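# Observations on the three-dimensional arrangement
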Amino acid sequence: MRGTDLWTLGVIVGLALVTVLTRCFFFILDRPWGLPDWAHRALHYAPAAALAGVIAPEIVMTQGHLITTLHDARLYAAVVGGAYYFWRRGVLGTMLAGMAVYLPLHLGLGW
């Protein structure tokens, strides 16, 4: 068996230092630090933007290309899930309604 060379050890130590410094940055400062008001307001939209950035491509794309047919269960499940959410405002019900449409179409019809 061959041992780990110095370059690999140096990279591991360097990455560990960068990780520790970035995570402890706020503890190292000697005075309180706050975000500007505009950044604080913008962070309220970050979870919705991140969720849309992950979910939207999964709904309208397959294999890296836009869906070209209406025979895709994800489209109908997203519409039903969105309609349920705007009707009742419940996240669990939204997921259940979407899956209630998705599973029969995907497993039953092969969409």
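Now for a description of the structure that goes with this document. (Residues numbered from 1 in each chain as written. Predicted model: local features only at pLDDT ≥ 70, side-chain atom pairs only at ≥ 80, totals over all residues. Heavy atoms only, no water.)

## A word on the pattern of salt bridges
- Overall, the coordinates contain two salt bridges when judged by the stated rule.
- Here Arg74 makes a salt bridge to Glu58, at a shortest N to O gap of 3.8 Å. Placement of the pair is Arg74 in helix 5 (residues 73–88) and Glu58 in helix 4 (residues 46–60), with a sequence separation of 16 residues.
- Notably, a salt bridge pairs Arg74 with Asp72, separated by 2.9 Å at the nearest N-O pair.
- One connected set of salt bridges, linked through shared partners, spans Glu58, Asp72 and Arg74. (Salt bridge = Lys/Arg side-chain N within 4 Å of Asp/Glu carboxyl O. Helix = DSSP H or I, 4+ residues; strand = E, 2+ residues; numbered from the N terminus.)

## Considering a nonpolar patch on the surface
- Taken together, the side chains of Phe25, Phe26, Leu29, Trp33, Leu35 and Leu43 define a hydrophobic patch exposed on the protein surface, amounting to about 600 Å² of accessible area.
- Checked against the element boundaries, Leu43 lands in helix 3 (residues 37–43). (Patch = residues over 30% accessible without salt bridge, like charges linked within 9 Å, V, L, I, M, F, W, Y side chains within 5 Å. Areas by Shrake-Rupley, 256 points an atom, 1.4 Å probe, with all protein chains shown as cover.)

## Looking at the packing of aromatic side chains
- If you walk through the whole model with that rule in mind, you get three aromatic pairs.
- For the pair Tyr76 and Trp111, a centre-to-centre distance of 5.7 Å together with 45° between the ring planes defines the contact as tilted. Residue Tyr76 is found in helix 5, and its partner Trp111 is found in the segment after helix 6 (91–108); the two are separated by 35 residues along the sequence.
- Overall, Tyr76 belongs to the partly exposed group, its relative accessible area being 33%.
- The interplanar angle of 80° and the centroid separation of 5.8 Å between the aromatic rings of Tyr84 and Trp87 together place this pair among those described as edge-to-face. Note that Tyr84 and Trp87 are positioned in helix 5 at a spacing of three residues, about one turn of the helix. (Phe/Tyr/Trp six-rings, centres within 6.5 Å; stacked < 30°, edge-to-face > 60°. Buried < 20%, exposed > 50% of the residue type's maximum accessible area, 1.4 Å probe, protein only.)

## Some remarks on the packing of helix 5 against helix 6
- Across the interface, helix 5 lies against helix 6 with an axial gap of 8 Å and an inter-helix angle of 155°. Between helix 5 and helix 6, the angle is such that the two are roughly antiparallel. Viewed along their axes, helix 5 and helix 6 form a crossing whose handedness is right-handed. Here Ala73, Arg74, Tyr76, Ala77, Val80, Gly81, Tyr84 and Tyr85 of helix 5 lie close against helix 6, whose contacting residues are Val91, Gly93, Thr94, Ala97, Gly98, Val101, Tyr102, Leu105 and His106.
- Its residues placed into classes, the contact of helix 5 with helix 6 shows eleven nonpolar, five polar and one charged. (Axes fitted to C-alpha atoms, helices over the stretch in contact; angles between N-to-C directions. Parallel < 35°, antiparallel > 145°, perpendicular 65-115°, else oblique. Left-handed = near helix turned anticlockwise from the far one by under 90°. Contact = heavy atoms within 4.5 Å. Nonpolar A, V, L, I, M, F, W, Y, C, P; charged D, E, K, R; others polar.)

## Brief notes about the side chain of Arg74
- The exposure class of Arg74 is buried, given its relative accessible area of 18%.
- Side-chain polar atoms of Arg74 contact the side chain of Asp72, separated by 2.9 Å. (Polar contact = N/O pair within 3.5 Å; in protein donor to acceptor, adjacent residues only side chain to side chain.)

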